[in-house]
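Letter by letter, the chains look like this.
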Amino acid sequence: MNKSSSSIHTSRSLKQLFQLLSASVWVAATMLALLAACGAPDQPVATGEASPASAPTSAPPTPTALPRGGNLTIRLSDDSGTLQPWHPRTRGEEQIIGLIYSGLMRLDATLAPQPDLATGWVASADGRVITFTLRSDAVWHDGRPVTVDDVVFTLDALRALPPSTALLTGLRRIVEVTAPESDTIVIRLDERYAPIFSLLTTPVLPRHLLIGRNLAEFNAWDAPVGSGPFRFEQREPGVAITLAANQAFYRGAPLLDRVVFVVAPDAQVAASALQDERLLLAELPWSVGSVITETSPMLQWGAYAENGYYFLAFNLRSDRIFSDPRLREALAATIDLPRIVQEVTDGQGMLIGSSAAPGSWADLTSPPTGTIDLDRARALLDEAGWRLPPEGALRQRDGVPLTVQLFVRADDPRRVRAAELIASAAEQIGMDIVVQPADFATVIRSKYAPPYDFDLLIGSWVNGVADPDFADYAFYDPDDFALFHSSQINQGLADTRPTLNFVGFSDPIYDNQAGAARQLYDLSERAQAIQRAQERVALLRPYLFLWADRIAVVCNPRVKTPDGPVTLMTPNYMWNIERWYVEVEG
């Protein structure tokens with residue numbers, strides 16, 4: 001079979017698969033045979049760098065030979081009708097964008113920013129001028145070189161868009177972008193700002209294709225040209241999106257032949273497709289993904305935490321009961337968080353110790369262990385003047401009972417159950433917590449704004465940067481300055497800022513370290529400042545961090561890297577996809 005007929009055969013076979021998956025029906029035995037042929041990798045090349053045509057035919061394989069080939073089929077839970085590289089709205093779009101495009105920087109497996117299209121950078125003494133060196137070997141998928149003009153065009157165009165997302169708002173910290181040399185980009189900031197390196201993972205766009213176009217209305221499917229490890233090959237709306245290996249990729253040609261995102265909305269159908277290898281990789285709802293290895297133990301299973309979390313917030317204002325840190329500590333010592341999280345989330349919840357993404361480079365504070373110390377909790381309340389009356393079960397101080405209200409969204413059964421369990425635990429130390437399930441729009445939302453009328457509140461944050469309704473990881477940064485810095489406390493009626501420090505947390509040591517973390521460009525130094533800031537939050541407890549939900553990831557064990565199995569315990573598990581391949585069966 002010649003190359004062109006093989007390509008047609010592969011496309012037709014995959015198309016049939018996609019249509020069947022989208023219709024949620026079984027694939028016939030003949031179709032499975034065709035798909036198995038499509039998924040098998042091509043013959044390995046003689047060396048890790050030479051192509052089959054250029055490799056010497058008489059030389060024996062070297063120890064560094066890399067296996068090559070295979071079509072990686074990935075579940076796409078929702079089709080992508082419009083695509084804007086700086087605005088992923090779903091997990092599928094986030095992954096597709098990451099394969100087609102490249103940025104000046106990229107995030108590694110720990111979500112730490114690393115040079116990508118840039119080979120490196122240097123900053124001025126005041127941190128307001130950052131000079132990047134552009135690599136010389138990057139080309140667009142249409143063969144034209146990536147130039148400094150593309151970078152300047154991209155950043156200028158995105159800064160001109162309305163600041164409707166955290167990414168676009170953050171990029172407005174850039175005052176000017178220039179290219180004084182053919183390999184040099186100079187970015188001037190309004191102030192020293194360490195999170196800019198994560199924001200600069202934003203995809204660089206091809207100026208020669210987009211100049212003069214209105215980016216606000218741009219759909220990348222009209223000109224899907226990037227410089228990433230895979231290039232656009234085909235899109236069948238509602239069926240599949242096919243990407244082919246970019247043989248000119250600057251970090252080396254991918255080992256895979258293709259990556260095919262198959263539209264498969266039904267999670268049960270996707271699970272079935274994983275079991276018989278119609279799909280090789282899928283993210284699944286917890287109810288499906290957490291049990292799939294019970295029936296298919298051969299599948300590789302992993303999970304990562306969503307970019308968001310749940311917390312118990314204490315109102316720290318001076319006229320509120322929990323302004324006394326002893327009461328916050330007493331309640332925390334009473335709660336068996338591991339047991340509560342396991343029960344209310346059915347194992348999906350992951351305990352967390354800070355606002356940082358679990359497993360990331362900034363995840364530096366251990367979650368609670370579940371150790372309960374009722375004696376210590378009672379002693380703290382006694383010390384604070386809240387004492388049990390003779391033969392009484394409810395503590396009092398100056399004749400006032402220790403009764404507080406805990407607000408929680410009524411439409412979330414998990415939060416309501418967590419609130420009930422926390423209230424039950426508090427009874428053991430003579431604290432009466434009255435759980436108040438309430439409507440979010442009319443009641444709960446108001447607690448995040450003046451006059452901040454609450455004692456306790458179970459809330460959640462979604463940390464998406466590209467879209468306020470999607471918890472993307474594409475531009476992740478661990479900065480929690482907005483949540484806990486004292487400058488982010490509302491100052492009264494004249495303060496119209498959208499402040500997020502609704503608990504009223506104020507600590508000079510946290511302020512100092514969080515401020516430093518925003519200014520330190522060296523990642524190890526920044527991590528030290530972040531850790532010290534996290535320690536203050538853990539000690540003073542403006543929040544009792546509860547859990548982050550996990551997303552199940554299931555992969556066929558034939559999908560490998562030369563270094564071993566694919567690592568699925570990070571949200572950025574595709575960070576090294578150019579080194580993935582599909583192992584030949586048998």
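It should be noted that the structure appears before, not after, this text.
Rules used throughout
Residues numbered from 1 in each chain as written. Predicted model: local features only at pLDDT ≥ 70, side-chain atom pairs only at ≥ 80, totals over all residues. Heavy atoms only, no water. 1 Å grid on protein atoms, 1.4 Å probe; cavity = no way out; pocket = protein on both sides within 12 Å on 5 of 7 lines; lining within 4 Å. Points joined across faces, edges and corners; volume = space filled by probe spheres on them. Helix = DSSP H or I, 4+ residues; strand = E, 2+ residues; numbered from the N terminus. Nonpolar A, V, L, I, M, F, W, Y, C, P; charged D, E, K, R; others polar. Phe/Tyr/Trp six-rings, centres within 6.5 Å; stacked < 30°, edge-to-face > 60°. Buried < 20%, exposed > 50% of the residue type's maximum accessible area, 1.4 Å probe, protein only. Lys NZ or Arg CZ within 6 Å of the ring centre and 35° of its normal. Contact = heavy atoms within 4.5 Å. Pairing = 2+ DSSP bridges. Axes fitted to C-alpha atoms, helices over the stretch in contact; angles between N-to-C directions.

1. A short note on empty space enclosed by the protein
Now for step 1: On inspection of all chains with the given rule, the structure shows three cavities of 30 Å³ or more.
Now for step 2: In this structure, the largest cavity occupies an estimated 510 Å³ of space.
Now for step 3: If you trace the largest cavity, you find 30 residues lining it, with Glu 94, Gly 98, Leu 99, Arg 106 and Asn 572 closest to the centre.
Now for step 4: Secondary structure elements with two or more residues in the lining of the largest cavity: α3 (91-100) and β2 (105-107).
Now for step 5: When residues of the lining of the largest cavity are assigned to their parent elements, the largest contribution, six residues, is made by α3.
Now for step 6: By residue class, the composition of the lining of the largest cavity is 18 nonpolar, six polar and six charged.

2. Here's the deal with the packing of aromatic side chains
Now for step 1: What the rule picks out here adds up to 27 aromatic pairs.
Now for step 2: With a centroid separation of 5.8 Å and an interplanar angle of 55 degrees, the aromatic rings of Tyr 473 and Tyr 476 are classed as tilted. Neither residue differs from the other here; Tyr 473 and Tyr 476 are each classed as buried.
Now for step 3: One aromatic cluster is present, formed by Tyr 309, Phe 311, Tyr 448, Phe 454, Trp 461, Phe 484, Phe 502, Phe 505, Tyr 510, Tyr 543 and Phe 545 through successive ring pairs.
Now for step 4: Arg 409 extends its terminal NZ or CZ atom over the ring of Phe 440, reaching a point 4.4 Å from the ring centre.
Now for step 5: The positively charged end of Arg 518 is found above the aromatic ring belonging to Phe 481, 4.0 Å away from the centroid.

3. Looking at the environment of Leu 189
Now for step 1: In this structure, Leu 189 sits in strand β7 (residues 184-189).
Now for step 2: Residue Leu 189 is classed as buried on the basis of its relative accessible area of 6%.
Now for step 3: With sequence-adjacent residues up to four places away left out, Leu 189 is seen in contact with Gly 127, Arg 128, Ile 130, Arg 173, Ile 174, Val 175, Ile 196 and Tyr 521.

4. What to know about the sheet that holds strand β22 (residues 564-565)
Now for step 1: If you trace the three strands from one edge of the open sheet to the other, you get β22-β21-β23, paired in antiparallel fashion. Where the open sheet ends on each side, the last strands, each with one partner, are β22 and β23 (581-582).
Now for step 2: Looking at chain direction, strand β21 (residues 559-561) and β22 are connected through two bridges and run antiparallel. Opposite Thr 561, over in β22, you have Gly 564 as the bridge partner.

5. A look at the sheet that holds strand β4 (residues 118-123)
Backbone hydrogen bonds hold the strands of a sheet together, and the pairing may be parallel or antiparallel.
Now for step 1: Taken together, the four strands give an open sheet; going across it, the order is β4-β5-β7-β6, and neighbouring strands pair in antiparallel fashion. The sheet terminates laterally at β4 and β6 (174-181), the two strands that pair on one side only. When strand polarity is set aside, the average angle formed by the axes of neighbouring strands in this sheet is 20 degrees.
Now for step 2: When β4 meets strand β5 (residues 129-134), the two strands line up antiparallel, connected through five bridges. Note that in β5 the partner of Trp 121 across the bridge is Phe 132.
Now for step 3: Sitting on the sheet, helix α4 (residues 148-159) is in contact with β5, β6 and β7, with an inclination near 165 degrees to β6.

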